[in-house]
Amino acid sequence: MSEDLKLSILNKLAADGSIADTKTAFANVSSETILGALKSLESQEKVTYEAITSEVWSIEPEGQDQLKNGSYEARIYDAVPAGEQGISIADLNAKFGKLANLGMGKGFQNKWIKKNGANVVRLVDSIVDQVKADLQTIVATNGNPSAEVIKNLKKRAGLIKLTKTLSYKVSKGASFSTELKKQATDLTVEMLQSGAWKNSEFKKFNFDSLGINPNGGHLHPLMKVREEFRQIFFEMGFEEMPTNNFVDSSFWNFDALFVPQQHAARDLQDTFYLLDPATTDDLPAFWETVKDVHEKGGYGSIGYRYEWSADEAKKLVLRTHTTAVSSSVLHKLAQEPYKPAKFFSIDRVYRNEEVDATHLAEFHQVEGVIADKNMSLGSLIAFLDIFFKKMGITNLRFKPTYNPYTEPSMEIFSWHDGFKKWVEIGNSGMFRPEMLRSLGLEDGVQVA
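Just so we're clear, the structure is a prediction, and the values are computed from it rather than from any experiment.

Novice: Can you help me understand the packing of aromatic side chains in this one?
Specialist: Aromatic ring pairs: the centre-centre distance and the angle between the two ring planes describe each pair. The final tally for this structure, using the stated rule, is 19 aromatic pairs. Between Phe238 and Phe383, the ring centres sit 5.6 Å apart and the planes meet at 40°, which makes this aromatic pair tilted. In this pair, Phe238 sits in the loop between α11 (221-235) and β7 (239-240) while Phe383 sits in helix α16 (residues 377-389), placing the two residues 145 residues apart along the sequence. This pair shows no difference in class: Phe238 is buried, exactly as Phe383 is. Between the aromatic rings of Phe387 and Phe388, the centroid separation amounts to 5.4 Å while the plane-to-plane angle is 85°, which identifies the pairing as edge-to-face. For the pair shown, Phe387 and Phe388 are each scored as buried. An aromatic cluster of at least three residues, connected via ring pairs, comprises Phe229, Phe233, Phe234, Phe238, Phe344, Phe383, Phe387 and Phe388. For the cation-ring pair, Arg122 lies above Tyr77, with the distance from its terminal atom to the ring centre recorded as 4.2 Å. Against the face of Tyr338 rests Lys373, its NZ or CZ located 4.7 Å from the ring centre.

Novice: Hey, could you run me through a nonpolar patch on the surface in this one?
Specialist: A surface patch of nonpolar side chains, amounting to about 390 Å² of accessible area, comprises Leu187, Leu192, Trp197 and Phe202. Among the secondary structure elements, Trp197 is positioned in the loop between α10 (189-194) and α11.

Novice: What am I meant to see in the pairing of strand β5 (residues 119-122) here?
Specialist: Consecutive residues of a regular strand have side chains that alternate between opposite faces of the sheet. Note that strand β3 (residues 87-88) and β5 share two bridges and pair antiparallel. Bridge pairing links Ile87 to Val120 in β5. Pairing analysis gives four bridges linking strand β4 (residues 113-116) to β5, with the strands arranged antiparallel. From the neighbouring strand, Lys114 faces β5, where its bridge partner is Val121. Connecting β4 to the antiparallel partner β5 that follows it, the hairpin turn spans two residues, and Gly117 within it adopts a positive phi of roughly 70°.

Novice: Any chance you could explain the packing of helix α5 (residues 72-79) against helix α6 (residues 89-96) here in plain terms?
Specialist: Packed helices, taken two at a time, are described by their axes: the angle between them and the distance between them. Two elements in contact, α5 and α6, have axes separated by 11 Å at closest approach and are oriented at 125°. With respect to α6, the element α5 is oriented oblique. As α5 runs across α6, the sense of the crossing is right-handed. Contacts between α5 and α6 involve Arg75, Ile76 and Ala79 on the former and, on the latter, Leu92, Lys95 and Phe96.

Novice: Explain the environment of Asp270 to me, please; I cannot follow it from the model alone.
Specialist: Structurally, the position occupied by Asp270 is in the loop between α12 (250-253) and α13 (287-296). With a relative accessible area of 31%, Asp270 lands in the partly exposed category. For the pair formed by Asp270 and Lys132, sequence separation is 138 residues and the distance between their alpha carbons is 93 Å.

Novice: Whenever I open this one, the pattern of salt bridges confuses me. Can you help?
Specialist: Side chains that differ in sign of charge can pair as their charged atoms come close. Summed over the entire model, instances satisfying the criterion amount to 14 salt bridges. Across the pair Glu73 and Arg156 runs a salt bridge, and its minimum N-O distance is 2.9 Å. On the criterion of sequence distance, the pair formed by Glu73 in helix α5 and Arg156 in the loop between α9 (147-154) and β6 (160-172) is long-range, its members being 83 residues apart. A salt bridge links Glu235 to Lys390; the nearest nitrogen and oxygen atoms lie 3.3 Å apart. Taken together, the residues span a long stretch of sequence, with Glu235 in helix α11 and Lys390 in the loop between α16 and β12 (396-403) at a distance of 155 residues. For Lys390, a relative accessible area of 39% corresponds to the partly exposed category. Overlapping salt bridges, with partners in common, bring together Glu227, Arg230 and Glu240 in one network.

Reading the values: the criteria
Residues numbered from 1 in each chain as written. Predicted model: local features only at pLDDT ≥ 70, side-chain atom pairs only at ≥ 80, totals over all residues. Heavy atoms only, no water. Phe/Tyr/Trp six-rings, centres within 6.5 Å; stacked < 30°, edge-to-face > 60°. Helix = DSSP H or I, 4+ residues; strand = E, 2+ residues; numbered from the N terminus. Buried < 20%, exposed > 50% of the residue type's maximum accessible area, 1.4 Å probe, protein only. Lys NZ or Arg CZ within 6 Å of the ring centre and 35° of its normal. Patch = residues over 30% accessible without salt bridge, like charges linked within 9 Å, V, L, I, M, F, W, Y side chains within 5 Å. Areas by Shrake-Rupley, 256 points an atom, 1.4 Å probe, with all protein chains shown as cover. Salt bridge = Lys/Arg side-chain N within 4 Å of Asp/Glu carboxyl O. Pairing = 2+ DSSP bridges. Axes fitted to C-alpha atoms, helices over the stretch in contact; angles between N-to-C directions. Parallel < 35°, antiparallel > 145°, perpendicular 65-115°, else oblique. Left-handed = near helix turned anticlockwise from the far one by under 90°. Contact = heavy atoms within 4.5 Å.

Listed below in structure tokens is the structure:
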């Protein structure tokens, strides 16, 4: 159809020189189809065209009914016999249904008929059905009647509607001919090798075209879960910690958390150490307090009884947990007048793990800390119950465990209906006083 239509347009131009209106020349072809053919021919410079917009009045389904059978009032008038007896309103309702009231209303208004008790009688001997006559004018004028006709018909809803039509005036282009030649859309290797490109006609690129919207921009499943966690923390009054510091000193990652420098977690097989730069000279002012707690103890602890090394604390690592961020934030909190606080973070951490089905060298850690006076293990368990319930996890079990910087510490398990077993879903605990007091938090402040 497309190729035939293009040829028809070209042959019409060849015969007549121009096409004044495609609506007349190709009455049975839609304007959309005409436009597609014209755009293709224009790209080959065979034609030029300009749009013609026109407005015509068309008859709606209700109007078509009245054009064929007469207006409602004329039908009612015709159904009323001459004479004083007339016809009963009940008989008109039975014959015309809901149209009876419409027709009688207009008939009364036109003074064609009147009520006589329970009957309707004629007032005039003959009528002119102006509505039907006006609709016939619409047809006779191809939708372009006089303003008076439109005025009359618009008084009645549902009879006519204004329709905008689009057609085109077409002229010969710079490369006009009646021959259609297939245009190449791409310059191929075969064309270059054979030399066929020299005689090929290439389709012009439309650089103004917007193209197809790419099917992209979807959220990664991990980001969806991350956002779900964030919203739960925000609902519970937490403040998000800045976690854009992926490289940190061993001091913040380990020492400030009361992790001894001989701990297995600090071995090369568990932690990524940087080569260049390998160390930092930037240790916080309270580093000597941390050193003393490690070597001699304090705050009810005897410490680890070893010689603490500042050089070891200065080594740069890819953070192994976001608790390194928590320790820094808690130290800043300690510099302000006491107030309860709740913080959370969700971001990437790095471990020198052997990669398998359940382990990666990079993963996301979700962490929350609550700092307040009179915090207890019961407070922590109550919070965890609420937190996991918001995720739809209700069947929890807690198991004692060991963490260097929390005491008491608990692993969190949930019953998995699919696996039919208890699955570990988290770790928790109360930060040790050796860590909290070294960071500067006052006595009585507990952090879970």
